[in-house]
Amino acid sequence: QVQLVESGGGLVQAGGSLRLSCAASGIIFSLNRMGWYRQAAGKQRELVAFITTGGTTNYTDSVKGRFTISRDNAKNTVYLQMNSLKPEDTAVYYCNAKRMFLKIEYWGQGTQVTVSS
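Bear in mind the structure is a predicted one, so any value in this text is a computation, not a measurement.

Q: Teacher, can you tell me more about the environment of Ser21 here?
A: With respect to the helices and strands, the residue Ser21 is situated in strand S3 (residues 18–25). For the pair Ser21 and Gln81, spaced 60 residues apart in sequence, the C-alpha separation works out to 8.8 Å. Apart from residues lying up to four places away in sequence, Ser21 is in contact with Val5, Glu6, Ser7, Trp36, Thr77, Val78 and Tyr79.

Structure representation (structure tokens):
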């Protein structure tokens, strides 16, 4: 049925870059707000960035200027380009799809991002 599959995580050094991808199936992709969340060990899950159906983006303050979210509706895929990575970016990153009007959302399994110092 509905699947959100993240990829692109891994181990990088501080200052490095990584691009996460989330391939969606089983949803009308263009009708969903797509987002990236992360959860660091011992902390609550937080919203990192989202992109609306109209292409408007929003970022949490700690990643502004470093991360870029984008979507390709033809490929049913949302991306998170992460530059200038910091150790505090270390977390499991989760893909999220949300039908705002219906208040229905889906989650991926997550992909680990580890930034070493």
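Q: Would you mind showing me how to read a nonpolar patch on the surface here?
A: A surface patch of nonpolar side chains, about 350 Å² in accessible area, is lined by Phe101, Leu102 and Ile104. Among the secondary structure elements, Phe101 is positioned in the loop between strand S9 (91–99) and strand S10 (104–107). A relative accessible area of 78% places Phe101 in the exposed class.

Q: Explain the packing of aromatic side chains here, please?
A: Aromatic ring pairs are reported here in terms of the distance separating the ring centres and the angle at which the planes meet. This structure, assessed with the given rule, holds one aromatic pair. A ring pair is formed by Tyr37 and Trp107, whose centres lie 4.8 Å apart and whose planes are at 65 degrees; its orientation type is edge-to-face. Of this pair, Tyr37 sits in strand S4 (residues 33–39) while Trp107 is found in strand S10, placing the two residues 70 residues apart along the sequence. Given the relative accessible area of 14%, Tyr37 is considered buried. Here the basic side chain of Arg33 rests over the ring of Phe50, its NZ or CZ set 4.3 Å away from the ring centre.

Q: In this structure, what is going on with the sheet that holds S3? I would like to understand it.
A: In any sheet, the strands associate via hydrogen bonds between backbone groups, in a parallel or an antiparallel arrangement. The antiparallel open sheet is built from four strands, whose spatial order is S1-S3-S8-S7. For this open sheet the edge positions go to strand S1 (3–7) and strand S7 (67–72), each flanked by a neighbour on one side alone. Each strand axis lies, on average, 15 degrees off the axis of its neighbour in the sheet, ignoring direction. Where S1 and S3 come together, five bridges link them in antiparallel fashion. The residue of S3 that forms the bridge with Ser7 is Ser21.

About the criteria used
- Residues numbered from 1 in each chain as written.
- Predicted model: local features only at pLDDT ≥ 70, side-chain atom pairs only at ≥ 80, totals over all residues.
- Heavy atoms only, no water.
- Helix = DSSP H or I, 4+ residues; strand = E, 2+ residues; numbered from the N terminus.
- Contact = heavy atoms within 4.5 Å.
- Patch = residues over 30% accessible without salt bridge, like charges linked within 9 Å, V, L, I, M, F, W, Y side chains within 5 Å.
- Areas by Shrake-Rupley, 256 points an atom, 1.4 Å probe, with all protein chains shown as cover.
- Salt bridge = Lys/Arg side-chain N within 4 Å of Asp/Glu carboxyl O.
- Buried < 20%, exposed > 50% of the residue type's maximum accessible area, 1.4 Å probe, protein only.
- Phe/Tyr/Trp six-rings, centres within 6.5 Å; stacked < 30°, edge-to-face > 60°.
- Lys NZ or Arg CZ within 6 Å of the ring centre and 35° of its normal.
- Pairing = 2+ DSSP bridges.
- Axes fitted to C-alpha atoms, helices over the stretch in contact; angles between N-to-C directions.

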